[in-house]
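For reference, the chains in residue letters:
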Amino acid sequence: MNTVQHFVDGKIWAGASSRAADIFNPATGMAIGRVSLASADDVAHVVTVAKKAQVSWGAQPPAKRAAVMFAFRDLLVRHIDELAPMLSREHGKTLSDAKGEIARGIEVVEFVCGIPHLLKGEYSEQVASQVDSFSIRQPLGVVAGITPFNFPAMVPLWMYPVSLACGNAFVLKPSERDPSVVVRIGELLHEAGLPAGVFNVVNGDKEAVDALLDHPDVDAVSFVGSTAIGHYIYSRGTANGKRVQALCGAKNHLVVMPDADMDKVADALIGSAYGSAGERCMAISVAVPVGEETADRLVEVLAPRVEALKVAPFDDPASDMGPVISRQSLDRILGYIAEGEKAGARLIVDGRGVRLQGYENGYFLGGCLFDNVTPDMSIYRDEIFGPVLSVLRAGSYEEAVTLINDHEYGNGTSIFTRDGDTARDFFTRVRIGMVGVNVPIPVPVAYHSFGGWKRSLFGDHHIHGMEGVRFNTRLKTMTTRWPSGIKEGAVFNFHSGSDTQA
């Protein structure tokens, strides 16, 4: 079997560690390759390479860095038909989903092609007599990214194009479950003209993560993944003096008001709850219909659509949903379904027991739909990260808002309604980072920023957009007065701009 190695200093690199792990095809349950697992010494070598390369890269004019991003964008577009099957084979998601993921990543590359404008500073003349002040943003140095399995191309592309365009070097530690696509994209980035060593991929597990968090030459760490791991990374990284952004778990609600178009709501829930087998931090996992009549209508319309979902391997063009990522994930999801039944929720659609000829060992699970879920149940409290949608009936709009605000996660939420006043009130009052109105998955476009509230985010910065630029740079302010403007001797106070004294 082929072994996926690291991408370091502009080329494939084996590393010194002899450790490796299997890569599985989730549709068959069979190992299809191996991935090298870096040691702490391997990580130290990669950081040294990145630190050296960053010096000259950070000194490049922003326009030259933008030129590399323009070329990189074109290469991604040209190679999308190569990259998507590579991604799907290791992750399991459908080809259309994989292409959509890469396309969303390309949007961030397009955004940072405007980095000369994004890095413009501010200038103030005459902050005091004959004194001017200006501020600029400069790169941090070496930035590390630690990314999850569920978006092996898009989430890294949310991180490193912004960081590189700002003048940093970047070390990416992707998920060891589906690492091939990021290594190939690294080769394309080098082909686009990025100098060797500025972007590196180091594959590994917790040993590699800890080495990045502890290394003194890593200035910042960006993470996307579960809340438990995100809290660990934030705590350990900041304890070591690093800037850290950790985007974490979610439990996203979709409120259905009585005036909503129920067919459109059902369509929205099918895509947002079951797309990519529910393995998305922005998946809608809780529908909150307001009123019993609204709930009855929703379940009546939704249930047959969930039953009709076609579960199949990624290369089946009729597939709506592929397998989940691993046997462990499948077992965990099945455990939650059993807990939900035991707690008294009604399993309206049971997706268990899917068997596909020729794929009997695959990690397939059909769409599951629960009704009469209550806030005390684990299927409501926890992020299941699978194709399971819970219907929690709210007696009133106020009850729905309270449910959302009381939950520990605050990533995304949506409301479906025809009433503008209700929509405005909802947007204003919910304590959530990303809000949609008649939009099921309110993921911001690349030139806005992505991030949640509460235990969905640790750190002060959201990802990509202008928040991404701020995370990847330091602000420096200079105050100047030139000799020709000095007309007095020793000065022991700083004259404000409103002083009349010359």
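What you are looking at is a predicted structure, and each value in this text was computed from that prediction instead of being measured. (Residues numbered from 1 in each chain as written. Predicted model: local features only at pLDDT ≥ 70, side-chain atom pairs only at ≥ 80, totals over all residues. Heavy atoms only, no water.)

### Remarks on the overall build of the chain
Phase 1 of the analysis: A count of helices and strands for the chain gives 16 helices and 23 strands.
Phase 2 of the analysis: Computed over the C-alpha atoms, the radius of gyration of the chain is 25 Å, within 12% of the 23 Å expected from 2.2 N^0.38 for a compact globule of 502 residues.
Phase 3 of the analysis: Referenced to the eigenvectors of the C-alpha coordinate spread, the extents of the chain come out at roughly 85 × 60 × 40 Å.
Phase 4 of the analysis: The proportion of buried residues among the 502 residues of the chain is 56%.
Phase 5 of the analysis: Taking as baseline every contact in the chain between residues at least 6 positions apart, the subset at least 24 positions apart corresponds to 72%.
Phase 6 of the analysis: Summed over all atoms, the accessible surface of the chain reaches about 20,400 Å², with 52% contributed by carbon and sulfur. (Helix = DSSP H or I, 4+ residues; strand = E, 2+ residues; numbered from the N terminus. Rg over C-alpha atoms; globule rule 2.2 N^0.38 Å. Buried < 20%, exposed > 50% of the residue type's maximum accessible area, 1.4 Å probe, protein only. Contact = heavy atoms within 4.5 Å. Areas by Shrake-Rupley, 256 points an atom, 1.4 Å probe, with all protein chains shown as cover.)

### Quick word on the pairing of strand β6 (residues 122-128)
Consecutive residues of a regular strand have side chains that alternate between opposite faces of the sheet.
Phase 1 of the analysis: Sheet topology note: the β6/strand β7 (residues 131-139) ladder contains 4 bridges and is antiparallel. By the bridge assignment, Y123 is partnered in β7 with F134. (Pairing = 2+ DSSP bridges.)

### Thoughts on the environment of A345
Phase 1 of the analysis: Structurally, the position occupied by A345 is in the loop between α12 (327-343) and β15 (346-349).
Phase 2 of the analysis: For A345, a relative accessible area of 7% translates into the label buried.
Phase 3 of the analysis: Here the alpha-carbon distance between A345 and L369, two residues 24 residues apart in the chain, equals 9.9 Å.
Phase 4 of the analysis: With residues near it in sequence (within four places) discarded, A345 still touches G340, F370, D371, N372, V373, M377 and I379.

### Overview of the pairing of strand β8 (residues 142-146)
Phase 1 of the analysis: When you tally the buried positions in β8, you get 5 out of 5 residues, the bulk of the element.
Phase 2 of the analysis: The two faces of β8 match: V142, A144 and I146 on one face and V143 and G145 on the other face are all buried.
Phase 3 of the analysis: Direction of pairing for β8 relative to strand β9 (residues 169-173): parallel, over a ladder of 5 bridges. Bridging across to β9, G145 finds its partner in L172.
Phase 4 of the analysis: With helix α6 (residues 154-165) bridging β8 and its parallel neighbour β9, the resulting β-α-β unit is right-handed.
Phase 5 of the analysis: Pairing of β8 with strand β11 (residues 220-224), which is carried by 4 bridges, proceeds in the parallel orientation. Each residue of the ladder has a partner; that of A144, found in β11, is V221. (Right-handed = clockwise from strand over helix to strand, strands pointing away.)

### Some words on the packing of helix α1 (residues 40-59) against helix α8 (residues 206-214)
Phase 1 of the analysis: Following both chains from N to C, one finds α1 and α8 inclined at 45°, their axes separated by 8 Å at the closest point. Taken together, the axes of α1 and α8 are oblique relative to one another. Handedness of the α1/α8 crossing: right-handed. On the side of α1, the interface is formed by A40, V43 and V47, while α8 contributes E207, A208, A211 and L212.
Phase 2 of the analysis: Among the residues forming the contact of α1 with α8, the class breakdown is 6 nonpolar, no polar and 1 charged. (Axes fitted to C-alpha atoms, helices over the stretch in contact; angles between N-to-C directions. Parallel < 35°, antiparallel > 145°, perpendicular 65-115°, else oblique. Left-handed = near helix turned anticlockwise from the far one by under 90°. Nonpolar A, V, L, I, M, F, W, Y, C, P; charged D, E, K, R; others polar.)

### Quick word on α8
Phase 1 of the analysis: What α8 keeps buried is the set A208, V209, D210, A211, L212 and L213.
Phase 2 of the analysis: Along its buried surface, α8 packs onto α1, β8, β9, β11 and α9 (227-239).

### A short note on the packing of aromatic side chains
Phase 1 of the analysis: As enumerated under the stated definition, the model contains 9 aromatic pairs in all.
Phase 2 of the analysis: Plain terms: the ring middles of Y359 and F364 are 6.5 Å apart, the flat faces sit at 80° to each other, and that makes the pair edge-to-face.
Phase 3 of the analysis: The class of F364 is buried, set by a relative accessible area of 5%.
Phase 4 of the analysis: Three or more aromatic residues link up through ring pairs in this structure, and these residues are F72, Y160, F170 and F199. (Phe/Tyr/Trp six-rings, centres within 6.5 Å; stacked < 30°, edge-to-face > 60°.)

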